[in-house]
Amino acid sequence: MLPADVPLSHLGPSVLLLLQLLMPPASAFFPNIWSLLAAPGSITHQDLTEEAALNVTLQLFLEQPPPGRPPLRLEDFLGRTLLADDLFAAYFGPGSPSRRFRAALGEVSRANAAQDFLPTSKNDPDLHFDAERLGQGRTRLVEALRETVAAARALDYTLARQRLGAALHALQDFYSHSNWVELGRQQPHPHLLWPRQELRSLAQVGDPTCSDCEELSCPGNLLNFTLLTSGYFGTHPPKPPGKCSHGGHFDQSSSQPPRGGINKDSTSPGFSPHHMLHLQAAKLALLASIQAFNLLRSRLGDSGFSRLLDITPASSLSFVLDTTGSMGEEINAAKIQARHIVEQRRGTPMEPTHYVLVPFHDPGFGPVFTTSDPDHFWQQLNEMHALGGGDEPEMCLSALELALLHTPPLSDIFVFTDASPKDAFLTNRVESLTQERRCRVTFLVTEDPSRAQGRARREVLSPLRFEPYEAVALASGGEVIFTEDQYIQDVAAIVGDSIADLVTLPLESRVVVAERPLVFRVDGLLRKVTVRIHGEVSSFWIRNPAGILLCQSLTPHTHPGVSQGQEEGEGPLGHTRRFGRFWMMSMNDPPQSGTWEIQVTAKGTPRVRVQAQTSLDFLFHFGIPMEDGPHPGLYPLTQPVAGLQTQLLVEVTGLGSRGNPGGPLPHFSHVVLRGVPQGAELGQVPLEPRGPPERGLFAASLPPTLLSTLGPFSLELVGQDGAGRGLHRAAPQPCAVVPVLLELSGPPGFLAPGTTAPLSLRIASFSGPQDLYLRTSAKPSFALTSNLSRVHLEQNESAWGRLWLEVPDTAASDSMVMVTVTAKDGEASMMPPTHAFLRLLVRAPAPQDQLPAPAYSTDSVLNTSSPAFHLSTSVTQGGAWGGLLGKPWWTSFVGMLLLLSLGPW
C-alpha cells in the first residue's frame, strides 16, 4: 500500500509525466459559471466536481473494456479536453447519448454550488471549513459521504447526489479556506476522509495566526508557524484577536484587525487575498475530489457507482398499470412490450438499467417495485393480473406520483388504464413533479371519452373526466392516446420507440387548423423520423422538401406531385401503419433535410407528434444572479419566478467533437420562447457562450415581459450545423413562470425513528401583493405541524415559517418521506398553486465507528401508498454547468494510486 504521506515526487517518472501533461493553468473556487463574470479565468466548484467525476468515469471505462468494442486507451485522452460526449462515444459507440450522465453530474454540481446560497448552509462554518472548525468540518464531511452511500444503497440516487454535492463542496473548500497549501503540502490531507484518524497540529484558540494586511493581495500575512488554521468569515462566530479572516469583498471580518484574509477562492484579489495560490489549491482539491469519487466507487461497486452518476446511454422503463378487472388486454400489452424491450436490448448499451412498476385500482395503489434486474422486473410484471374493481374512477394519479418518486430524471413513464382518475385533486402537484423530475408521461387509455358505454359506473361521469391526464401530459411533454382493446398491443409499441431517446420536433403551428399545414424541420443529424396522428381523422398528407407526398384518405382524394398512396404499407417516404384511430408513419433513413409539411382533416382536435433520434439535444436550467452572499454566483431555480431577474442556462449535448476532429462545431444563436399550448411566439433571447465551444454552454437573460406573465411556455433552441444548415431543437417539457418563490429545507442528515425533525420554509413575492394560503402534507402520513397557514406579502417581501415532522418509532429504516407545501392565491383564484417538495430518508442511527452496511439487493418493493420527494418546484439545491472548461486533468492511474493511499470511512 502506498503510504498516505508520500510526496508526489516519489510516485515515479511515469506518474510525474502524467501530472505534467495534465496540469491546468489556473483554478479557483467560486460556485458556478455565473461567478466567472466576477473573476474571469477562475475555475468553480462545479468545474472541479464534474472534472473529478469525468476522470473517475474514464478510469472505470479503462478498467472495464466495453463488450464487443475495442478497449479504450489512455493516450487517446491525454492533451485534450475531457468531455462526457467523447467518453460515451468511445465506450458505448458513436452517437450514444450522454444526456442523463450530464444531467446527473449537474445534480451533484448544483448541490455543491447550493452550499454557498441556501440559507441553512451558506453561513455555517462547519460546512466550509471556516473559523478554525476543522474537526467539526471533517465530521460533517464524513457524515455527508456516509449519507451518500446510504441513500444510494436505498436506491434514492437523487438524494445521494445532493449529499455528495454537499460533501464535495466542503472537501474542496478545505484547500481554499485553510492554510494547508501555505504550509507547503503537495498532496491532499491524508485524514480528512478517514474519521478514525485524529486531525493533528491544529491551531488553538489562543494561537495568533495572521498579521495585519491593508492591501487586497496578502501574500505574507500568515505568521511563521506550522499549525493548521482557517479563516473566519462574517460575524458568526466572531473573529478572536490575532486570527485570520477568510477575506474578500463579502467578508465583514476582514476589516477587523488583523485585516486581509487567506482564501484562495478566485483569481481576483478583490475576492481572494491569496489568489496567487489558486493553482496549488485547485490541484489538491481536484485530487481530493477524485479520492472521494473513488471511495464511493469502492463502497458501492461499479454497478452502484454507475447508477449514482447515471453512467449509461439507456433510459429506464417505468410502468403505471391499472389492474382492475377490465384491464386484461392492457396488462397483456404491457407484458408483451416489456418482454420485447428486455429481449431486444439485453446485453447492449441501450438495455434499461432501472425498472419501475406501480399497480393501482380503487381504492388502493402500490406497492412500487424497483429493480435493475430485467428478469426480476419481468417476473413481477408477469404476476400482474386483472382482478375485480370493474367500475371507475381509479387512483391513477396517486400511483403516478409514486412512480415519479422512483423513476430517474429524464425518463419516460407509461400509464396503462381504461378509467378516469378518482384523485384528480392531485393534478397540479403531479404536473409540478413531472417538470421538476423532467419526466415525460404518456397515457395509453383504452376508453373513448365520447362513449357512454364501457365499464360499470357508480355515477354519471363527466365527459371532461380525462382532462387531468391531458394536463399532466401537457406539463410533462407527453401525450394521451385513446385507443380500443383490439389495438392496444400495436399502439403500445410506442413504448419501445419512446425509450430510445427520441426528441420531439417542434411544429408550427401547434394546433391543427383546417387547410393550414403544420410545418417541421429536419436536419442532417436526425434519424428515424416518425409522425404519429391520432383522432377522428378523415384524411391527411405529409410532404417532404422535394414535394413527395405521403397521403391517406378514407374517401377518394388526389394530390399534386408524387403520391405514396392511400393504403398502409411501404412507400417512397416510408412505412405507414394504422391501428383504429392511431396512425404511425416511419420515414425512410436518411430523411431529407429541410422543411416538411403535414395537413390533417379530422373531427374534433386530432393529435400530431413528430419525433426523431439524435444525439444532439440540450439541457436547461434557470438561476438568479446573486451578489450579496458569501460568493457571487447563480442561485439555481427549476422554474422562473414572476418579477425576479432570471437567467436561462443551456447545455448542448451530443456536439460530437470526437467524431469530427478538427471540423466546425454547430453554432447556436438564440432560444425561441412560445406559449403553451397555442404556440404563439413570446420572444427570442440571444445566447451568450460560456467557456470553450466544445462544452456547449450558453446563458441568456429572460425578458421582463415573460417574467410578468404567469403560465407555461416552451423553449426552442435555434442554430446552425458546421456547414451552416439550420438546427432546431425543442425542450421535452414546457416551463412555467410561478407566482412566488418557495424554499423548503430540512436537516442535512437522515431522519431517525422516534424523533421530530424541524423544517424551514421561506416564501417570497417579487411581483406585487399576494394573499396566500399554505397547505402542508407528509406522505406517509407522519404528523406534520406548521406555524404558518396564511400570509400576506408585499412586493419584494419574504416570510419565514417553521414545520415540525414527527417520525414515529415504527418508521422503517431506509424509507422515504415526502413533505409538500402548497401556496395558493385564494380559494377562488385561477392562478395555479406553487409547490415545494422536500425529500427525506429515514435511517436508524449507526455507530460512528462502523462502516456503512453491506450493499442492498438491487430489487426494492416499497409498501407505501404515497411518494416522497425533494426540494421545491421553484428552487433546487444548487446550480452549475461545465467541467474544467477545456483543461484536461487527472486520469485513471493517478486515481488508483490515490485510492491506495486512503483508508476506509
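In this text, all values refer to a predicted model and were calculated from it rather than measured experimentally.

Visitor: A description of the nonpolar core should follow, citing residues and the corresponding values.
Guide: L171, Y175, F293, F305, L308 and L309 are the most contacted members of the largest nonpolar core, which totals 69 residues. Counting residues per element, this core draws most heavily on helix α7 (residues 278-309), which supplies 16 residues. When neighbours within four sequence positions are excluded, L309 is seen to be in contact with A53, T57, F101, A104, L105, V108, R161 and F293. Formed by 39 residues, the second largest nonpolar core is a distinct cluster that contains F620, F622, L637 and L648.

Visitor: Describe the sheet that holds strand β34 (residues 834-842), and please don't skip the residues or the numbers.
Guide: Strand order in the open sheet formed by four strands is β31-β29-β33-β34, with antiparallel pairing between adjacent strands. Looking at which strands have only one partner, the edges of the open sheet turn out to be β31 (790-793) and β34. The sheet shows a mean angle of 25° between the axes of neighbouring strands, direction not considered. Where strand β29 (residues 770-779) and β31 come together, four bridges link them in antiparallel fashion. Each bridged residue has a counterpart across the sheet, and for L772 the counterpart in β31 is V791.

Visitor: How would you explain the state of the cysteines if you had to name every residue and give the values?
Guide: The term disulfide refers to a covalent linkage connecting the sulfur atoms of a pair of cysteines. Considering all chains together, one arrives at two disulfides under this definition. The disulfide partner of C210 is C244, and the gap between their sulfur atoms is 1.9 Å. Disulfide C210-C244: the torsion about the S-S bond is 95°, which places it as right-handed. In this pair, C210 is assigned in the loop between α6 (157-177) and α7 and C244 in the loop between α6 and α7, connecting sequence segments 34 residues apart. With respect to burial, C210 and C244 carry one shared label: buried. Note on cysteine connectivity: C213 is disulfide-linked to C218, with sulfurs 2.1 Å apart. Between C213 and C218 the disulfide shows an S-S torsion of about -90°. By sign, it is left-handed. By relative accessible area, C218 is classed as buried at 1%. Sequence-ordered numbering of the disulfide-bonded cysteines in the protein chain gives the connectivity 1-4, 2-3.

Visitor: For the pairing of strand β33 (residues 815-824), give the residues involved together with the corresponding values.
Guide: Buried residues dominate β33, accounting for ten of its ten residues. Because side chains alternate across β33, one face comprises the buried residues S815, V817, V819, V821 and A823, and the other comprises M816, M818, T820, T822 and K824, equally buried. Note: β33 against β34, nine bridges, orientation antiparallel. Paired with V821 across the strands is A836, a residue of β34.

Visitor: Explain the layout of surface pockets to me, using residue names and the numbers behind them.
Guide: Size it by volume and the largest pocket reaches roughly 1,500 Å³. A473, L474, A475, V676 and P677 are, among the 50 residues lining the largest pocket, the residues nearest its centre. Mapped by element, the contributors of at least two residues to the lining of the largest pocket are α11 (427-437), α12 (467-476), β8 (479-482), β16 (594-613), β24 (711-720), β26 (735-737) and β34. Looking at side-chain class alone, the lining of the largest pocket contains 28 nonpolar, 16 polar and six charged residues.

Visitor: Could you give an account of the pattern of salt bridges, naming the residues involved and the relevant values?
Guide: Evaluated as defined, the whole model comprises 39 salt bridges. The residue R140 makes a salt bridge to D124 at a minimum N-O spacing of 3.4 Å. Here R140 is found in helix α5 (residues 134-153), whereas its partner D124 is found in the loop between α4 (99-114) and α5, with 16 residues between them in sequence. One salt bridge in this structure joins K264 and E182, with 2.9 Å as the shortest N-O distance. Of the two residues, K264 sits in the loop between α6 and α7 while E182 sits in the loop between α6 and α7, which places them 82 residues apart along the sequence. What makes K264 buried here is its relative accessible area of 0%. A relative accessible area of 25% means that E182 is categorised as partly exposed. Here the salt bridges do not stand alone but share partners, grouping E50, D85, R102, E651 and R695 into one network.

Visitor: Can you tell me about helix α2 (residues 45-63), naming the residues and giving the values?
Guide: Look at α2: 27 Å from first C-alpha to last across 19 residues, which is about the 27 Å you get at 1.5 Å a residue. The element α2 is largely enclosed, with a buried count of 18 among its 19 residues.

Visitor: For helix α10 (residues 396-406), give the residues involved together with the corresponding values.
Guide: Within α10, eleven of the eleven residues are buried, which leaves it mostly tucked inside the rest of the structure. Of the positions making up α10, those classed as buried are C396, L397, S398, A399, L400, E401, L402, A403, L404, L405 and H406.

Visitor: I'd like to hear about the packing of aromatic side chains, residue by residue, with values.
Guide: The final tally for this structure, using the stated rule, is 24 aromatic pairs. Here the aromatic rings of F174 and Y175 are separated by 4.9 Å at their centres, their planes lie at 85°, and the arrangement is edge-to-face. Its relative accessible area of 0% is what places Y175 among the buried residues. Here a set of aromatic residues connected by ring pairs shows up, and it is made of F61, F88, Y91, F92 and F101. Sitting above the plane of the W180 ring, R185 keeps its charged end 5.0 Å from the centroid. Seen from the ring of F620, R438 lies directly overhead, with NZ or CZ sitting 4.1 Å from the centre.

Visitor: Can you break down the sheet that holds strand β30 (residues 784-786) residue by residue, with the values?
Guide: Strand-to-strand pairing in sheets goes through backbone hydrogen bonds, with the strands running parallel or antiparallel. Spatially, β27-β28-β32-β30 is the arrangement adopted by the four strands of the open sheet, whose pairing is antiparallel. The open sheet terminates on both sides in strands that have one partner only, identified here as β27 (741-745) and β30. When strand polarity is set aside, the average angle formed by the axes of neighbouring strands in this sheet is 20°. By the bridge criterion, three bridges tie β30 to strand β32 (residues 797-806) in an arrangement that is antiparallel. The residue of β32 that forms the bridge with S786 is L803.

Visitor: So what about the packing of α5 against α6? Which residues, and what values?
Guide: It is at 8 Å that the axes of α5 and α6 come closest, and there the two elements cross at 155°. Classified by the interaxial angle, the pair formed by α5 and α6 is roughly antiparallel. Considering the relative orientation of α5 and α6, their crossing is left-handed. Residues L134, L141, A144, L145, E147, T148, A151 and A152 of α5 form the contact with α6, whose participating residues are Y157, L159, A160, R163, L164, A167, L171 and F174. Looking at the contact of α5 with α6 residue by residue, the class counts come to 13 nonpolar, one polar and two charged.

Visitor: Lay out the confidence of the model for the protein chain with the relevant residues and their values.
Guide: The predicted structure's coordinates, where accompanied by low pLDDT, should not be read in detail. Residue-level pLDDT values for the protein chain average 83, and 83% of them are 70 or greater. This stretch, residues 556-566, has a pLDDT under 50; its non-local contacts, to residues over four places away or in other chains, come to 26 contacts.

Visitor: Which residues make up the environment of L710, and what are the values?
Guide: Along the polypeptide, L710 turns up in the loop between α15 (704-707) and β24. Judged by its relative accessible area of 34%, L710 falls in the partly exposed class. With near-sequence residues (within four places) excluded, L710 lies in contact with A642, V737, V738, P739 and M831.

Visitor: Quick rundown of the packing of helix α8 (residues 328-345) against helix α9 (residues 374-382)? Include the residues and the values.
Guide: Following both chains from N to C, one finds α8 and α9 inclined at 170°, their axes separated by 10 Å at the closest point. It follows that α8 is roughly antiparallel to α9 by the angle criterion. Taken together, the residues of α9 that come into contact with α8 (itself represented by A334, K335, A338, R339 and V342) are P374, F377, W378, L381 and N382.

Visitor: Summarise unusual backbone geometry; cite the residues concerned and give the values.
Guide: Going from D589 to P590, the amide bond is cis rather than trans, its omega being -10°. Among the secondary structure elements, P590 is positioned in the loop between β15 (582-587) and β16. In the segment running from V676 into P677, the intervening peptide bond is cis, with an omega of 10°. Located in the positive-phi region is E132, a residue other than glycine, with phi close to 60°. Residue position: E132 is located in the loop between α4 and α5. Under the relative-accessibility criterion, E132 is labelled buried at 16%. Non-glycine residue S201 carries a positive phi angle of around 55°.

Cut-offs used in this document
Residues numbered from 1 in each chain as written. Predicted model: local features only at pLDDT ≥ 70, side-chain atom pairs only at ≥ 80, totals over all residues. Heavy atoms only, no water. Core = buried A, V, L, I, M, F, W, Y, C linked by side-chain atoms within 4.5 Å. Buried < 20%, exposed > 50% of the residue type's maximum accessible area, 1.4 Å probe, protein only. Helix = DSSP H or I, 4+ residues; strand = E, 2+ residues; numbered from the N terminus. Contact = heavy atoms within 4.5 Å. Pairing = 2+ DSSP bridges. Axes fitted to C-alpha atoms, helices over the stretch in contact; angles between N-to-C directions. Disulfide = S-S within 2.5 Å. 1 Å grid on protein atoms, 1.4 Å probe; cavity = no way out; pocket = protein on both sides within 12 Å on 5 of 7 lines; lining within 4 Å. Points joined across faces, edges and corners; volume = space filled by probe spheres on them. Nonpolar A, V, L, I, M, F, W, Y, C, P; charged D, E, K, R; others polar. Salt bridge = Lys/Arg side-chain N within 4 Å of Asp/Glu carboxyl O. Expected span 1.5 Å × (residues − 1). Phe/Tyr/Trp six-rings, centres within 6.5 Å; stacked < 30°, edge-to-face > 60°. Lys NZ or Arg CZ within 6 Å of the ring centre and 35° of its normal. Parallel < 35°, antiparallel > 145°, perpendicular 65-115°, else oblique. Left-handed = near helix turned anticlockwise from the far one by under 90°. pLDDT = per-residue confidence, 0-100.

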